[in-house]
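Observations on chain architecture
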2 protein chains.
Amino acid sequence: MPQLPRGGCWRAVITRARSAGLFAGPRGASGGPGCTRDAPSGAGELRGELDRFGGVSVRLARLDAVHRLDPVAFQRALQGKCAAAIQKWRSEGRVAVWLHIPILQSRFIAPAASLGFCFHHAESDSSTLTLWLGEGPSRLPGYATHQVGVAGAVFDENTRKILVVQDRSKLKNMWKFPGGLSEPGEDIGDTAVREVFEETGIKSEFRSLLSIRQQHTHPGAFGKSDMYIICRLKPYSFTINFCQRECLRCEWMDLSDLVKTENTTPITSRVARLLLYGYREGFDKIDLTVEELPAVYTGLFYKIYHKELPDSYKTMTGMD
Amino acid sequence: MPQLPRGGCWRAVITRARSAGLFAGPRGASGGPGCTRDAPSGAGELRGELDRFGGVSVRLARLDAVHRLDPVAFQRALQGKCAAAIQKWRSEGRVAVWLHIPILQSRFIAPAASLGFCFHHAESDSSTLTLWLGEGPSRLPGYATHQVGVAGAVFDENTRKILVVQDRSKLKNMWKFPGGLSEPGEDIGDTAVREVFEETGIKSEFRSLLSIRQQHTHPGAFGKSDMYIICRLKPYSFTINFCQRECLRCEWMDLSDLVKTENTTPITSRVARLLLYGYREGFDKIDLTVEELPAVYTGLFYKIYHKELPDSYKTMTGMD
């Protein structure tokens, strides 16, 4: 059993901690319930902020003396004879140190690394390093692990035709659904509609989520994991104007032909069968429909996708 | 329309490029179809490897001279009067530069940043910086955007009871399903089973995927997006031994009571209704079942989740 909150708990606690400004950095940062903003920690130049998980966070951008500090002095401040922040934090029972380093101050990364710090993540103009001081292996939460790609199965019920492409880049030219990677912060359905339009020129709207694929150590994801989602879209334009750079071919294919062809991927073949099943016996049999709801703790909204409930189950007492 | 392959194409092309060693770095690295391993690029100390997207990749760990190189000389090699790698790459029509920097050589990050490089990502003991040389905004693929959390709805059909917890960390103590964040490379179902056991002591096995939630700028995900998946699990142990640090309460609750209670989250309430619907009318009505398949291009395996097809649709000719 973990000593630090993890998983579901960890997510919720961080949510509270961060919304309460516990990770906000400098002394006097806006606080909240349980906020330890008036408890600076660490020796010499290195003021840290405690978080409620027993960690301490140092934001170099907010240290007055950082511009006077050279890498050797920084290393001494972390672990030297006169000033020894790490030993002090350890003696105070801190379990982890977080270093937030602006990219132009990256001269401090190597000295920290030589003391055992490693990258937690970096993006754009800053990096975050961590050092685990607790017992056993680190129990700090990781960073994002998955890229998300979305394909659109654009099906025209009137003609029973489905929009398919052959990628220019593939070794074998197999029929598949147009799609691509989500942009940061982009909803699943929006990615499907955008990528379909970019690749084929077809305008469509989101109907449902049909299938999810998970793959790990993905070469196209810089070795991270890949989540690939296929949505059902309804077209409202029909003239193909496909991207010559991305696609070799693009056409409206009879759904039964896509079901029968060998010249496609296993996932495309399965989703084609799903669509035929849904077309014949009702899309409610295959659709995961979407609903937008407010998050309980963060005040944000989220989208949830699942098999739509019959009305009799929706209206049971106790439904929020 | 993008000039560089993006989205679906981009994923596939990178897959090929990387599997063909196009990003592998040094001259003479194992190559493959279209591999440009014998086309070093850049000036002075900075040998780069071209990739088939028109980018050039420099791996500092593999440069003989890197230990003799100080940050000022490095900056000059990138953009100086005598040696000017960036200008040379630009004049050669390269659209992007990738810098792969071991953490102990991070003294080279700030000089690169002062020339416009920024972090693409960093993990553990190395960082990767990019500089876009092409026209318009960068069209380079991003890094992982989502963390993935999984909860287990452990339902005992014999007693009609469902396993629920109240997190110790929450502001309100609402009943929910045990769950937590996926470890890197961990399959969805394995996360559900592991987290359920860690939180409650209950042993279970994966049955199906029931719902997916997507949320952006998630405080518990360091500002990245969050994908939260709820699975249906079948218990094969029943004595609760819950984690006191994570959970305030844990119990087997009658499913109809969870459907009725106000003291739960919207997503838990909906999934409780789904389970009641599935229990009464067949779980095939709500389940996304899993299938493992070989990937077409990477040689890896993936797992795909969708509504199970009736046999008549599975056995249609043309099924791979």
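Before reading further, recall that the structure is shown in the block above.
The model shown is predicted, which means the values in this text are computed figures rather than measured ones. All residue numbers refer to position in the chain's written sequence, counted from 1. For this description, chains carry letters from A and ligands carry numbers from 1, given in the order in which they are written. Residue-level local features of this predicted model are given only where pLDDT is at least 70; pairs of side-chain atoms are given and counted only at 80 or more, and the full residue set underlies all totals for whole chains, interfaces and linings. Note that water and hydrogens are dropped before the side-chain values are worked out from all heavy atoms of the structure.

Here we look at the overall build of chain A
Helix numbers and strand numbers start at the N terminus; a helix is a DSSP run of H or I with at least 4 residues, a strand a run of E with at least 2. The helix and strand tally for chain A stands at 8 helices and 14 strands. For each residue, the accessible area found with a 1.4 Å probe, counting protein chains only, is set against the maximum for its type, and the residue is called buried under 20%, exposed over 50%, and partly exposed in between. Counting across all 320 residues of chain A, residues that qualify as buried make up 61%.

Here we look at the interface of chain B and chain A
Residue contacts follow a heavy-atom distance rule, with two residues in contact if any of their heavy atoms lie within 4.5 Å. Of the residues lining the interface, 127 residues belong to chain B; the matching set on chain A comes to 127 residues. Summed over both partners, the interface of chain B with chain A buries about 11,400 Å², with 62% contributed by carbon and sulfur atoms. A pairing counts as a salt bridge when a side-chain nitrogen of Lys or Arg comes within 4 Å of a carboxyl oxygen of Asp or Glu. For the interface between chain B and chain A, the tally reads 4 salt bridges. Under the rule applied, a polar contact is a pair of N or O atoms within 3.5 Å (in protein, one hydrogen donor and one hydrogen acceptor; residues adjacent in sequence only if both atoms are side-chain atoms). Inspection of the chain B/chain A interface yields 25 residue pairs in polar contact (both at pLDDT 80 or more). Residue type decides the class: Asp, Glu, Lys and Arg count as charged, Ala, Val, Leu, Ile, Met, Phe, Trp, Tyr, Cys and Pro as nonpolar, and the leftover types, Gly among them, as polar. In terms of residue class, the side of chain B that touches chain A is made up of 58 nonpolar, 36 polar and 33 charged. Strand pairing requires that DSSP identify at least two bridges connecting the strands. Direction of pairing for strand β14 (residues 301-307) of chain A relative to strand β10 (residues 204-215) of chain B: antiparallel, over a ladder of 4 bridges. Residue pairing for β10 of chain B: I304 of chain A is matched across the bridge by R213 of chain B. Throughout, the accessible surface (probe 1.4 Å) given up by two parts as they are put together, summed over both, is called the buried area.

Considerations on the packing of aromatic side chains
Any two aromatic rings considered together are summarised by their centre-to-centre distance and by the angle between their planes. Stacked, tilted and edge-to-face are the three classes assigned to paired rings of Phe, Tyr and Trp, where Trp is represented by its six-membered ring and a pair needs centres within 6.5 Å; plane angles under 30 degrees give stacked, over 60 edge-to-face, the rest tilted. A full pass over the atoms with the stated rule returns 16 aromatic pairs over all chains. For the ring pair F155 of chain A and F283 of chain A, a centre distance of 6.2 Å and an interplane angle of 70° mean the geometry is edge-to-face. One end of the pair, F155 of chain A, is in strand β7 (residues 146-156); the other, F283 of chain A, is in the loop between α7 (266-281) and β13 (288-294), with 128 residues separating them in the sequence. Residue classification places F155 of chain A among the buried residues on the basis of a relative accessible area of 2%. Seen in terms of ring centroids, F206 of chain A and Y305 of chain A are 6.1 Å apart; in terms of plane orientation they differ by 80°. Their pairing is edge-to-face. Of this pair, F206 of chain A sits in strand β10 (residues 204-215) while Y305 of chain A sits in strand β14; the two residues are 99 residues apart in sequence, bridging distant segments of the chain. For Y305 of chain A, a relative accessible area of 1% corresponds to the buried category. An aromatic cluster of at least three residues, connected via ring pairs, comprises W98 and Y143 of chain A together with F222 of chain B. Our definition puts a charge over a ring when NZ of Lys or CZ of Arg is within 6 Å of the ring centre and also within 35 degrees of the ring normal. Residue placement shows R213 of chain A over the ring face of Y302 of chain B; its charged tip is 5.2 Å from the ring centre. A cation sits over an aromatic face here: R232 of chain A above F283 of chain A, 3.8 Å from the ring centre.

Concerning the relation of the copies chain B and chain A
Only residues with pLDDT of at least 70 in both copies count here: their C-alpha atoms drive the least-squares fit that superposes the copies. Of the transformation placing chain B onto chain A, the axial shift is 0.0 Å and the rotation is 180°, giving an RMSD of 0.1 Å. Such a combination of turn and shift is consistent with a two-fold rotation axis. When you check the interface residues of chain B against chain A, 100% turn up at the interface there too, and the contact is symmetric in its surfaces.

What to know about unusual backbone geometry
Of note in the backbone geometry, R160 of chain A takes a positive phi value of approximately 60° without being a glycine. Positive phi, normally seen in glycine, also occurs at S124 of chain B, with a value near 55°. The topology assignment puts S124 of chain B in the loop between β5 (118-123) and β6 (126-132).

Examining the environment of A65 of chain B
Residue and element names in this part refer to chain B. Mapped onto the elements of the fold, A65 is located in the loop between β3 (55-59) and α2 (71-79). Assessed through its relative accessible area of 8%, A65 is described here as buried. For A65 and L46, which are 19 residues apart along the polypeptide, the C-alpha to C-alpha distance reads 8.9 Å.

Brief notes about the nonpolar core
If you look at the biggest cluster of nonpolar residues, it comprises 58 residues, and the most contacted ones within it are W89 of chain A together with W89 of chain B. To form a nonpolar core, buried Ala, Val, Leu, Ile, Met, Phe, Trp, Tyr and Cys residues must be joined to one another through side-chain atoms within 4.5 Å. Formed by 43 residues, the second largest nonpolar core is a distinct cluster that contains L163, A192, V196 and Y305 of chain A.

Looking at the side chain of H146 of chain B
Relative to the helices and strands, H146 of chain B resides in strand β7 (residues 146-156). A distance of 2.7 Å separates polar atoms of two side chains, one belonging to H146 of chain B and the other to T145 of chain B. Residues in contact with H146 of chain B, not counting those within four places in the same chain, are A144, T145, H146 and V148 of chain A together with Q214, H216, S225, D226 and M227 of chain B.

A short note on α2 of chain B
Residue and element names in this part refer to chain B. Among the residues of α2, F74, A77 and L78 are the ones counted as buried. Each buried residue of α2 lies within a common arc of 100° when the element is viewed along its axis, so the set occupies one face. Those residues of α2 that are buried are in contact with α3 (85-91), β4 (96-102) and α4 (109-113). Of the residues flanking the start of α2, the one acting as N-cap is D70, its side-chain oxygen 2.9 Å from the backbone nitrogen of V72. The arc in question is traced by the directions running from the helix axis to the C-beta atoms.

Observations regarding the environment of V164 of chain B
All names here are of chain B. For V164, the position within the fold is in strand β8 (residues 161-167). Take V164: its relative accessible area is 0%, and that puts it in the buried class. The spacing of V164 and M253 is 89 residues in sequence and 6.8 Å in space, taken between C-alpha atoms. Each residue touching V164, except ones within four places of it in the same chain, is listed here: W175, K176, F177, R249, C250, E251, M253 and L258.

Digging into the state of the cysteines
Here, the term disulfide refers to a pair of cysteine sulfur atoms separated by no more than 2.5 Å. The tally for this structure, following the rule as stated, stands at 0 disulfides over all chains. C247 of chain A provides the cysteine sulfur closest to C250 of chain A, a residue in no disulfide bond, and the two sulfurs are 6.1 Å apart.

A closer look at the environment of S211 of chain A
Within the secondary structure, S211 of chain A sits in strand β10. Residue S211 of chain A is classed as buried on the basis of its relative accessible area of 0%.

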